[in-house]
Amino acid sequence: MTSDRVPDIRPLMAGFPTGVAVITALTPEGEPWGMTCTSLCSVTLDPPTLLVCLRRGSPTLEAALASGGYAVNLLHSSARWTAELFSSGSPERFDRVAWQAEGEACGPHLVEAAHTVADCAVTDVHEVGSHAMVLGRVVAVSQLRSQFPLLYGMRRYGDWTDAAEESHLSYDFIS
Ligand SMILES: Cc1cc2nc3c(=O)[nH]c(=O)nc-3n(C[C@H](O)[C@H](O)[C@H](O)COP(=O)(O)O)c2cc1C
């Protein structure tokens, strides 16, 4: 069936729950930027490549493109307020969270809010409408803690209650 009307895909995507990431980057001058992001997917394992879609005009996108890298901070289930902070547009985002950007880090690591961080080197960018698809080669993965991920779907945050109830043993979602 076809229609001249442009479909609104928001209800569609509300039915596709995801984890929640904060994408962070540093300007060449070292200023931290970051934004909440659910448009994260793995593209290929070899070379290990992730894709994020960031709004054009975002300071985080500009910092990632200028520095050539970004960090994908996967939030744990107790970090909902961090997701809210990094989607709020607040200019004081990094004054209110613990972060580090040492050594080879491609962007700030949210050391209390993230369970795992992937450092990515930008390999390609494609602009599509209001957003830019940013491909990044994963150069390092740091697991900070074993904690269940924060989820987002049906226009709300949630956690993996079933898994938490069923799994009393150690879990490692990386391997
Ligand atoms: C759960 C959730 C997921 C989001 N995912 C994205 C995303 O994938 N890409 C994007 O550009 N914005 C996304 N946003 C919106 C940004 O987080 C928001 O516009 C933020 O203020 C952007 O920061 P900036 O103004 O510094 O660019 C999301 C917001 C929420 C609440």
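Look above for the structure.
Being a predicted model, the structure only gives us computed values, none of them experimental.

Asker: Explain the side chain of Thr 24 here, please?
Answerer: As for its placement among the helices and strands, Thr 24 is situated in strand β2 (residues 21-26). Engagement of the side chain of Thr 24 in a polar contact is seen with the side chain of Asn 73, the distance being 3.2 Å. Here the side chain of Thr 24 touches Pro 108 through a polar contact of 2.6 Å, landing on its backbone oxygen. With residues near it in sequence (within four places) discarded, Thr 24 still touches Trp 33, Gly 34, Tyr 70, Ala 71, Asn 73, Phe 94, Cys 106, Gly 107, Pro 108 and Leu 110.

Asker: I keep staring at the pattern of salt bridges and nothing clicks. Help me out?
Answerer: Side chains that differ in charge, positive against negative, can pair when their charged atoms come close. According to the stated counting rule, one finds three salt bridges in the structure shown. Between Arg 80 and Glu 84 there is a salt bridge whose closest N-O contact spans 2.9 Å. With Arg 80 and Glu 84 both in helix α3 (residues 80-85) and four residues apart, this pair spans about one turn of that helix. For Arg 80, a relative accessible area of 43% puts it in the partly exposed group.

Asker: What am I meant to see in the sheet that holds strand β9 (residues 114-128) here?
Answerer: Hydrogen bonding along the main chain pairs the strands of a sheet, whether they run parallel or antiparallel. Ordered by their spatial adjacency, seven strands build an open sheet running β3-β2-β6-β9-β10-β5-β4, and the pairing between neighbours is antiparallel. Pairing within the sheet leaves two strands with one partner each, and these edge strands are β3 (32-37) and β4 (40-45). Taken over all neighbouring pairs, the strand axes of this sheet differ in orientation by 35° on average, direction set aside. Taken together, the five bridges between β4 and strand β5 (residues 48-55) define a ladder with antiparallel strand orientation. Across the sheet, residue Ser 42 finds its bridge partner in β5, namely Leu 50.

Asker: Help me understand the sheet that holds strand β11 (residues 151-153), please; the structure alone is not making it clear to me.
Answerer: Reading across from one edge, β1-β11-β12 is the order of the three strands in this open sheet, with antiparallel pairing throughout. Among the strands making up the open sheet, the edge pair consists of β1 (18-19) and β12 (156-158). Both β1 and β11 contribute to a ladder of two bridges, which runs antiparallel. Bridging across to β11, Thr 18 finds its partner in Tyr 152.

Asker: Looking at this model, I keep getting lost on the packing of aromatic side chains. Mind explaining?
Answerer: Per the stated rule, a full pass over the model turns up three aromatic pairs. With centroids separated by 5.2 Å and ring planes inclined at 85°, the aromatic side chains of Phe 86 and Phe 94 adopt a geometry described as edge-to-face. Across the pair, Phe 94 and Phe 86 agree in class, each one buried. By way of ring pairs, the aromatic residues Phe 86, Phe 94 and Trp 99 are connected into one cluster.

Asker: I tried to follow the site of the ligand on my own but got confused; where do I start?
Answerer: Taken together, 17 residues lie around the ligand, and Thr 36, Ser 39, Cys 53, Arg 55 and Ser 58 are the ones closest in. Side-chain polar atom of Ser 39 to an oxygen atom of the ligand: 2.6 Å apart, as the coordinates give it. With respect to the ligand, the side chain of His 131 contributes an N or O atom lying 3.1 Å from an oxygen atom. Within the complex, 79% of the 640 Å² of free accessible area of the ligand lies under protein. The set of elements that each furnish at least two residues to the shell around the ligand consists of β3 and β5. Here the residues of the shell around the ligand sort into eight nonpolar, seven polar and two charged.

Rules of the game
Residues numbered from 1 in each chain as written. Predicted model: local features only at pLDDT ≥ 70, side-chain atom pairs only at ≥ 80, totals over all residues. Heavy atoms only, no water. Helix = DSSP H or I, 4+ residues; strand = E, 2+ residues; numbered from the N terminus. Polar contact = N/O pair within 3.5 Å; in protein donor to acceptor, adjacent residues only side chain to side chain. Contact = heavy atoms within 4.5 Å. Salt bridge = Lys/Arg side-chain N within 4 Å of Asp/Glu carboxyl O. Buried < 20%, exposed > 50% of the residue type's maximum accessible area, 1.4 Å probe, protein only. Pairing = 2+ DSSP bridges. Axes fitted to C-alpha atoms, helices over the stretch in contact; angles between N-to-C directions. Phe/Tyr/Trp six-rings, centres within 6.5 Å; stacked < 30°, edge-to-face > 60°. Near = heavy atom within 4 Å. Areas by Shrake-Rupley, 256 points an atom, 1.4 Å probe, with all protein chains shown as cover. Nonpolar A, V, L, I, M, F, W, Y, C, P; charged D, E, K, R; others polar.

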